[in-house]
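One-letter residues, chain by chain:
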Amino acid sequence: MDLTDELISYVFFGVLTTIVNFITYFLFQGVFGINYLISNIIAWFVSVLFAYITNRIWVFESKDDNIIKEALLFYGGRVFSGAIDTALMYVLISILMTSNLFAKIVVQVVVTILNFVFSKFLVFK
């Protein structure tokens, strides 16, 4: 698969991952009445698992037999990008005083690129 096809697949499955995150969050928080922070953690875990599976099979077409190592690298990358996400949000909103919407858009672009690069060159190489 060439880079353009990978990018298109990555964006497509990224949208689906976001939908999985929202559905999981609202299911646990709204339907089951679980605390919103715990529901958010569950939704993050489930959506990253969904992203790993779709990235492994359809985006990067991984043939690595060591799925545990690959999954741990994938989750590690997502934890790292989550920390970058939080730090950039803080800098943009609290220090630079930008709007929440502007900050969220900028940060999501940065994190999406970071996640793609991390997945392409470190996880699914």
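Rules of the game
- Residues numbered from 1 in each chain as written.
- Predicted model: local features only at pLDDT ≥ 70, side-chain atom pairs only at ≥ 80, totals over all residues.
- Heavy atoms only, no water.
- Buried < 20%, exposed > 50% of the residue type's maximum accessible area, 1.4 Å probe, protein only.
- Helix = DSSP H or I, 4+ residues; strand = E, 2+ residues; numbered from the N terminus.
- Contact = heavy atoms within 4.5 Å.
- Core = buried A, V, L, I, M, F, W, Y, C linked by side-chain atoms within 4.5 Å.
- Polar contact = N/O pair within 3.5 Å; in protein donor to acceptor, adjacent residues only side chain to side chain.
- Phe/Tyr/Trp six-rings, centres within 6.5 Å; stacked < 30°, edge-to-face > 60°.
- Salt bridge = Lys/Arg side-chain N within 4 Å of Asp/Glu carboxyl O.

A. Fine view of helix 4 (residues 100–123). Within helix 4 the residues assigned to the buried category are Ala103, Val107, Val111, Asn115, Phe116, Phe118, Ser119 and Val123. On the buried face of helix 4, the contacting elements are helix 1 (3–31), helix 2 (36–59) and helix 3 (67–95).

B. Unusual backbone geometry, seen in detail. Residue glutamate 61 is not a glycine yet carries a positive backbone phi of 50°. Relative to the helices and strands, glutamate 61 is located in the loop between helix 2 and helix 3. Despite not being glycine, methionine 97 shows a phi value in the positive range, around 60°. When you line up the elements, methionine 97 lands in the loop between helix 3 and helix 4. For methionine 97, a relative accessible area of 64% corresponds to the exposed category.

C. Molecular detail of the nonpolar core. If you look at the biggest cluster of nonpolar residues, it comprises 14 residues, and the most contacted ones within it are Tyr10, Tyr52, Val59, Phe60, Phe74, Val123 and Phe124. For this core, the secondary structure elements donating two or more residues are helix 1, helix 2, helix 3 and helix 4. When residues of this core are assigned to their parent elements, the largest contribution, four residues, is made by helix 2. With near-sequence residues (within four places) excluded, valine 123 lies in contact with Glu70, Leu73, Phe74 and Phe118. Ranked by size, the runner-up nonpolar core spans five residues in total, among them Met89, Leu92, Ala103 and Val107.

D. Representation of the side chain of serine 47 in the model. Summarising the element assignment, serine 47 is placed in helix 2. Judged by relative accessible area, which is 4%, serine 47 ranks as buried. A distance of 3.2 Å separates the side chain of serine 47 from the side chain of asparagine 21, its partner in a polar contact. In terms of polar contacts, serine 47 uses its side chain to reach the backbone carbonyl oxygen of tryptophan 44, at 3.1 Å. In this view, serine 47 contacts Thr17, Val20 and Asn21; residues no more than four positions away in its chain are not counted.

E. Representation of the packing of aromatic side chains within the structure. The tally for this structure, following the rule as stated, stands at 14 aromatic pairs. Both rings, one in phenylalanine 12 and one in phenylalanine 13, keep their centres 5.0 Å apart while their planes meet at 80°; by these two values the pair is edge-to-face. Residue phenylalanine 12 is classed as exposed on the basis of its relative accessible area of 52%. Phenylalanine 13 sits in the buried class, given a relative accessible area of 12%. Where phenylalanine 28 meets phenylalanine 32, the ring centres are 5.6 Å apart and the plane angle is 70°; that geometry is what we call edge-to-face.

F. Summary view of the pattern of salt bridges. Going through the model one piece at a time under the given rule, you end up with two salt bridges. For glutamate 6, the salt bridge identified is with lysine 120, shortest N-O distance 2.9 Å. Of this pair, glutamate 6 sits in helix 1 while lysine 120 is found in helix 4, placing the two residues 114 residues apart along the sequence. Note on lysine 120: relative accessible area 23%, which makes it partly exposed.

G. Fine view of the side chain of asparagine 21. Inspection of the secondary structure assignment puts asparagine 21 in helix 1. A polar atom in the side chain of asparagine 21 sits 3.4 Å from the backbone oxygen of alanine 43. In this structure, asparagine 21 is in contact with Ala43, Trp44 and Ser47, ignoring residues within four places of it in sequence.

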